[in-house]
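Structure assessment
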Amino acid sequence: MAVDVLDIPLFDGSLQQAVEHILETCSSAQERTNRLVSATGAHGLVTTKKDAPFRSVLKAAYLNLPDGMPIVWVGRIKGSTAMERCYGPDVFAQVVMQTAHTSVRHFLCGGKEGVATRLKEVCAATFGNQNCAGVFCPPFRPMTPGEIQQLADEINSRNVDIVWIGLSTPKQEMFAFELAKRTNVHFIITVGAAFDFHIGAVRQAPRAMQQMGLEWLFRLLVEPRRLYKRYLEIVPLFIYYNIKEMMASHRR
């Protein structure tokens, strides 16, 4: 189930369907094939226009979940009326909560020093899940193949089912792609700022603003110096690329 938005296949179901599929795969006897799942927003789709390797990773991903409402609106315009927002932090919370009393094991990878460790504590205290098999904080510099292999060996030794990666786009997807070459897990899921949101390090936009597609505005108001250049580029380009694509499709 997918619909193309800016030439990237996006999951066109609901959050509940996405979560249920992840849970069913982990609990079944299906082979562990390192399925790459990316919670993808407008930032990611715009980035694919100028980053060919990143575009290839998203096009080859097992699932690209529509992380933002603007993507959902475009998907619905294209006929996917059942498409819903699959917000990375919500996917993480739902999967972790619903595997609390199962044998599904998680590995948390991302954030600044100490973030993943704090999130492990939140998983136990808030979500009732003590099945976090390990944590890792990637360095800001690119990791060497040897370092990635060492991390993969650690993950494999702990019988992990789901690796969660909380970094920025496109870094997290490229990192997940390299990790998937070396691990033996069911899913590697990239969820962006979910780690920081769940430990309370970064404020989430009110649900009303999220539903109106204005989460970017809230985050810009909270962190203007860090994010203004990003959103000054992303918002108009996302609109431009989609209008251009729709006009070209109409002409055809």
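For the structure itself, look to the data block above.
Calculation notes
- Residues numbered from 1 in each chain as written.
- Predicted model: local features only at pLDDT ≥ 70, side-chain atom pairs only at ≥ 80, totals over all residues.
- Heavy atoms only, no water.
- Axes fitted to C-alpha atoms, helices over the stretch in contact; angles between N-to-C directions.
- Helix = DSSP H or I, 4+ residues; strand = E, 2+ residues; numbered from the N terminus.
- Parallel < 35°, antiparallel > 145°, perpendicular 65-115°, else oblique.
- Contact = heavy atoms within 4.5 Å.
- Disulfide = S-S within 2.5 Å.
- Salt bridge = Lys/Arg side-chain N within 4 Å of Asp/Glu carboxyl O.
- Buried < 20%, exposed > 50% of the residue type's maximum accessible area, 1.4 Å probe, protein only.

**A look at the packing of helix α4 (residues 69-77) against helix α12 (residues 224-251)**
For the pair α4 and α12, interaxial distance at closest approach is 12 Å and the crossing angle is 10 degrees. The angle between α4 and α12 falls in the class roughly parallel. Contacts between α4 and α12 involve Pro70, Ile71, Val74 and Ile77 from the first element and Phe238, Asn242 and Met246 from the second.

**Notes on the state of the cysteines**
Applying the stated criterion across every chain yields a total of 0 disulfides. You can see cysteine 86 has no disulfide; the closest cysteine sulfur is in cysteine 26, sitting 16 Å from it. Just so you know, cysteine 137 is unpaired, no disulfide at all, and the nearest cysteine sulfur is the one on cysteine 109, 8.3 Å from it.

**A few points about the pattern of salt bridges**
In this structure the tally under the stated criterion is 12 salt bridges. A salt bridge links glutamate 121 to arginine 118; the shortest N-O distance between them is 3.2 Å. Taken as a pair, glutamate 121 and arginine 118 lie in helix α6 (residues 115-125) at a separation of 3 residues, close to a single helical turn. Glutamate 154 is the partner of arginine 158 in a salt bridge, and the nearest nitrogen-oxygen pair spans 3.0 Å. Judged by its relative accessible area of 31%, arginine 158 is partly exposed. Within this structure, Glu178, Lys181 and Arg182 form a network of salt bridges that share partners.

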